[in-house]
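# Report on the structure
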Amino acid sequence: MPLELVFITEQVVNGLFVGVNYLLIALGLSLIFSLGGIVNLAHGGFYAIGAYLVVLLFDWVGYPAFAAAPLLVAVIGVVVERLFLRPFYKADPALSLLLTFGLAMVIEQALRMIFGATPRPFSIPEALRGQILIGDFIYSRYRFAILVVATLAVAGLWLLLQRTPFGRIVRAGIQAPDMVGALGISLKPYLTMVAAIGLGLAGLAGTMMAPITGVHPAMGAEILIPAFVVVVIGGLGSFWGVIFAALLVGVVRGLTVYFYPPAAEASMYLLMLLVLIFRPRGLFGERIARFE
Amino acid sequence: MEDSVNPATASTKAERYIKRDNVACIIGEISSASGLAIAQVVERNNKLFFNTGCNSDALRGSDCSRFMYHVEASNSQYVKGVGSAFLRDGLIDGKKIYFLTADYAYGQDLSRVGKKYVEAHGGEVAWEDLVPTDSTDFSAYILKIRQARPDLIISNLAGNQITNFVKQYTEYGLDFPYGGFGFDTAVAWGAGKGNFGGEWPVAWHHNLPAEGAKAFVAAFTKKYGKPPENQAWGDYTATKLVAEAMTATNSTDSEALIGYFDDEPKLDILKGRQGYFRKRDHQLIQEMYTMTAKPLDQLEDEWDLMLLGDAVPGEGEDLESIAPTEEENACTFSAA
């Protein structure tokens, strides 16, 4: 294989790893919107909370912190859903946008007030440090670990939605909430669970990114927009669409860094523009009757 | 004292401080673009601005103002400060260097000054990637660097991007020498132990042995529970110098204060050697330092990550030797 092609292939594979970073956040965002109709602008805040929690807990309990932090974010998610999101499911979407926009600012400022504006130090745990060399390619062992955890989380979520009574009701609730109600099933507990899962996934993403990115109050705002772009490209409500779009955005970004780095971040917006021109519903977007 | 998110906010705030609060001078700011906006406001209103965080040479050159003083070191001072360490280690002469440059005013100014320095000392900037300011993942850049096999990697990045780059560079375990032309202590703190490496310039550090520095560090640590970083030093020093000037002149009038500083009095700036504001561009002429990572077994606490090098310029050398020269960065003050 010519050298140039080797380098490009390396970037494509690395792009898939980068795409995984967006994946978990975008899935939660998509899920909460699909069932509750709320565009959660505070989603990045929960990613940041996940990162801060693992930094705090790791010194105290060690490796279990990586499991405890996302679970705690999910618990916080239950509280937030009960107190703030619940009254807005049936309201004008503009109201929930304002609410979550405010919530995002409150979370960021709260992190700043509690932990200060300077980033918190945190490293890759000892056991996961190092690199894996495959032929000419180099990969970080820690990013392999992220890939494994993210794959398990995605598989678990898919099984939950497709193979359990819980998932059947959630899917029915997305398509026909009134019919679900007519069958005597209240969606309220399901909405709470979905918010907990969605926000917990954002917390999981933050937890896993903490060792390789700066842990600072605005980190949630940094990741939110790429996550939205992924959801829009993949298509609202589409599980596989979000996964495909996350990986696609990662690869396109990697190739742009290779050929023309100044456009690295702009590439995803260009991709979104192209997708919206040819497929306004996103690549795999489903038709959700109540949002038409 | 102010810090702003963008030039429009900066100039609105500056107007408000002057018109509503009737301040004599404004201290602060971090972004060169906002710094320029504030300079324009103070100039119109005959007040003073002490810049404590904007580095771009242009602010001391083509955009300079008689009403603006720079406690923060200029990009030239940062580049020449750390450059001497790279030269000493034989990393510039005849070497191929990879630049990672933040794609906005600060990064581009730093890259321009840095490139000039590298070329003047026989090196070549063989690669340069402009990094968008919203990039958080550097893995793709790191792979490119690995393919290029440079003799030295230079970061012209800022703030959190340096933290991210340093963490991820360590993650990939590459062994090309690296460092940067711009830096803040908080960046190293954010990277954490075991992640911080390379050679970096710094205007001030809390481990400096100067008497004034020790007293400031002790008082700051008592109040905030952690040592001050270099930006805190800038704000404190500017405030201290302004207070001294006001006491000495017994006045808050801008012309009186400019007259005081234009005599180039020697000032205690919490460093080994005293500094002074250079009359022709109002830059604080001061010594700089380089730093590297401290060996892990010598670390005392989470703030103690850096090994401070000798002051630059060295003992007995002229402090002006690292500041931008008149030819490099001419400044013409508009008539008073």
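Residues numbered from 1 in each chain as written. Chains lettered and ligands numbered in written order. Predicted model: local features only at pLDDT ≥ 70, side-chain atom pairs only at ≥ 80, totals over all residues. Heavy atoms only, no water.

In the annotation of an unreviewed UniProt entry, chain A is listed under the name Branched-chain amino acid ABC transporter permease and assigned to Jiella pelagia. Quoted verbatim from the Sequence similarities (unreviewed entry) field of the UniProt record, the comment on chain A reads "Belongs to the binding-protein-dependent transport system permease family. LivHM subfamily." (UniProt positions renumbered as here; feature names shortened; annotations may be inferred.)

All right, on to the side chain of B:Arg66 then. Checked against the element boundaries, B:Arg66 lands in the loop between strand S2 (48-51) and strand S3 (68-70). One polar contact links B:Arg66 to B:Glu255, side chain to side chain, over a distance of 2.7 Å. (Helix = DSSP H or I, 4+ residues; strand = E, 2+ residues; numbered from the N terminus. Polar contact = N/O pair within 3.5 Å; in protein donor to acceptor, adjacent residues only side chain to side chain.)

In this section: the interface of chain A and chain B. With 38 residues of chain A at the interface, the matching set in chain B holds 34 residues. Together chain A and chain B conceal approximately 3000 Å² of surface at their shared face, both sides included; 48% is due to carbon and sulfur atoms. For the interface between chain A and chain B, the tally reads 3 salt bridges. Here B:Glu171 ties to A:Arg143 by a salt bridge, and the two come within 2.8 Å at their closest N and O atoms. In this structure, the connection of chain A to chain B is made through 24 residue pairs in polar contact (both at pLDDT 80 or more). Only helix H1 (3-36), strand S1 (131-134), strand S2 (137-140), helix H5 (141-163) and helix H10 (239-259) of chain A provide two or more residues apiece to the side of chain A that touches chain B. When residues in the side of chain A that touches chain B are grouped by element, the largest group, 6 residues, is from H1(A). In terms of residue class, the side of chain A that touches chain B is built from 19 nonpolar, 12 polar and 7 charged. (Contact = heavy atoms within 4.5 Å. Buried area = accessible area lost by both parts, 1.4 Å probe. Salt bridge = Lys/Arg side-chain N within 4 Å of Asp/Glu carboxyl O. Nonpolar A, V, L, I, M, F, W, Y, C, P; charged D, E, K, R; others polar.)

It is worth spelling out the domain arrangement of chain B at this point. All names here are of chain B. Domain assignment breaks chain B into domain 1 (7-75 + 230-287) and domain 2 (78-207 + 288-312). Just the C-alpha atoms count here: the centres of domain 1 and domain 2 sit 28 Å apart. Listed per partner, the contact involves 17 residues of domain 1 and 17 residues of domain 2. Between domain 1 and domain 2 the total buried area reaches about 1400 Å² when both faces are included, carbon and sulfur atoms providing 50% of it. The largest per-residue losses of area from domain 1 upon contact with domain 2 belong to Asn-75, Asn-230 and Glu-287, which jointly make up 45% of the total buried on that side. Remark: the boundary between domain 1 and domain 2 carries 0 salt bridges. For the side of domain 1 that touches domain 2, the element with the highest residue contribution is helix H9 (residues 230-249), accounting for 3 residues. In the side of domain 1 that touches domain 2, the residues fall into 4 nonpolar, 8 polar and 5 charged. (Domains from an automatic or database assignment.)

All chains considered together, the criterion is met by 5 cavities of 30 Å³ or more. Its volume calculated, the largest cavity comes out at about 160 Å³. If you go around the largest cavity, you meet 16 residues; those closest to its centre are A:Tyr22, A:Glu222, A:Ile223, B:Thr136 and B:Asp137. Every element with two or more residues in the lining of the largest cavity is listed here: H1 and helix H9 (219-234) of chain A. The residue inventory of the lining of the largest cavity, partitioned by class, reads 7 nonpolar, 4 polar and 5 charged. (1 Å grid on protein atoms, 1.4 Å probe; cavity = no way out; pocket = protein on both sides within 12 Å on 5 of 7 lines; lining within 4 Å. Points joined across faces, edges and corners; volume = space filled by probe spheres on them.)

This part covers the UniProt feature "transmembrane region" (unreviewed entry) in chain A. Residue and element names in this part refer to chain A. In this numbering, the UniProt entry assigns the feature "transmembrane region" (unreviewed entry) to residues 12-35, 41-58, 65-85, 97-115, 142-161, 190-212, 224-252 and 258-278. For residues 142-161, the end-to-end C-alpha separation is 29 Å, with 100% helix and 0% strand making up the annotated structure. Strand forms 0% of residues 190-212 and helix 87%; the C-alpha atoms that close the span are 34 Å apart.

The next thing to look at is a negative patch on the surface. Taken together, the side chains of A:Asp59, B:Glu300, B:Asp301 and B:Glu302 define an acidic patch exposed on the protein surface. Checked against the element boundaries, B:Glu302 lands in the loop between strand S11 (288-293) and strand S12 (306-312). (Patch = residues over 30% accessible without salt bridge, like charges linked within 9 Å, V, L, I, M, F, W, Y side chains within 5 Å. Areas by Shrake-Rupley, 256 points an atom, 1.4 Å probe, with all protein chains shown as cover. Lys, Arg positive; Asp, Glu negative; His and termini not counted. Charge placed at Lys NZ, Arg CZ, Asp CG, Glu CD.)

When the charged atoms of two side chains lie near each other, side chains of opposite charge can form a pair. Residues and elements named next belong to chain B. Applying the stated criterion across every chain, the model contains 24 salt bridges over all chains. In this structure, the salt-bridge partner of Glu-255 is Arg-66, at a minimum N-O distance of 2.7 Å. With a gap of 189 residues between them, Glu-255 in helix H10 (residues 254-262) and Arg-66 in the loop between S2 and S3 connect regions that are remote in the sequence. Owing to a relative accessible area of 34%, Glu-255 belongs among the partly exposed residues under this scheme. Put simply, Glu-326 and Arg-280 hold a salt bridge, and the shortest N to O gap is 3.8 Å. You can see Glu-326 sitting in the segment after S12 and its partner Arg-280 sitting in the loop between strand S9 (276-277) and strand S10 (284-285), a full 46 residues away along the chain. Bridged by salt links that share partners, the residues Arg-278, Arg-280, Asp-281, Glu-320 and Glu-326 form one connected network. (Buried < 20%, exposed > 50% of the residue type's maximum accessible area, 1.4 Å probe, protein only.)

All names here are of chain B. Taken together, the 4 strands give an open sheet; going across it, the order is S5-S4-S6-S7, and neighbouring strands pair in parallel fashion. With one partner strand each, in any of the chains shown, strand S5 (124-131) and strand S7 (178-180) form the two edges of the open sheet. Sheet twist, expressed as the mean angle between neighbouring strand axes with direction ignored, is 20°. Bridging between strand S6 (residues 152-156) and S7 involves 3 bridges; their strand directions are parallel. Note that in S7 the partner of Ile-154 across the bridge is Gly-179. Its contacts with the sheet place helix H4 (residues 105-120) against strand S4 (96-102), S5 and S6, and it is angled at close to 165° to S4. (Pairing = 2+ DSSP bridges. Axes fitted to C-alpha atoms, helices over the stretch in contact; angles between N-to-C directions.)

Let us look at the packing of aromatic side chains. All names here are of chain B. The full count for this structure, using the stated rule, is 39 aromatic pairs over all chains. Between Trp-204 and Trp-233, the aromatic rings sit 6.4 Å apart at their centres with planes inclined by 5°, giving stacked as the arrangement. Placement of the pair is Trp-204 in the loop between strand S8 (200-202) and helix H8 (211-224) and Trp-233 in helix H9, with a sequence separation of 29 residues. Trp-233 sits in the buried class, given a relative accessible area of 1%. (Phe/Tyr/Trp six-rings, centres within 6.5 Å; stacked < 30°, edge-to-face > 60°.)

Another point: the state of the cysteines. Two cysteines joined by a covalent bond between their sulfur atoms form a disulfide. All names here are of chain B. Summed over all chains, the structure comprises 1 disulfide over all chains. In this model Cys-64 forms its disulfide with Cys-331; the gap between the sulfur atoms is 2.2 Å. Torsion about the S-S bond of the Cys-64 and Cys-331 cystine: about 85°, corresponding to right-handed handedness. Taken together, the residues Cys-64 in the loop between S2 and S3 and Cys-331 in the segment after S12 connect sequence positions 267 residues apart. Both residues of the pair, Cys-64 and Cys-331, count as buried. Counting only cysteine sulfurs, Cys-54 is the nearest neighbor of Cys-25, a cysteine outside any disulfide, at a range of 15 Å. No disulfide involves Cys-54; its sulfur sits 14 Å from that of Cys-64, the nearest cysteine. Look at Cys-54 and you get buried, because its relative accessible area is 0%. (Disulfide = S-S within 2.5 Å.)

Let's shift gears to the sheet that holds S2(B). Residues and elements named next belong to chain B. Taken in spatial order, the 3 strands line up as S1-S2-S3 in an open sheet, and their pairing is parallel. Strands with a single pairing partner mark the edges of an open sheet, and in this sheet they are strand S1 (25-28) and S3. Each strand axis lies, on average, 15° off the axis of its neighbour in the sheet, ignoring direction. Relative to S3, S2 runs parallel, the two being bridged by 3 bridges. Paired with Asn-51 across the bridge in S3 is His-70. H9 rests against S1 and S2 of the sheet, and its axis sits at about 155° to S1.

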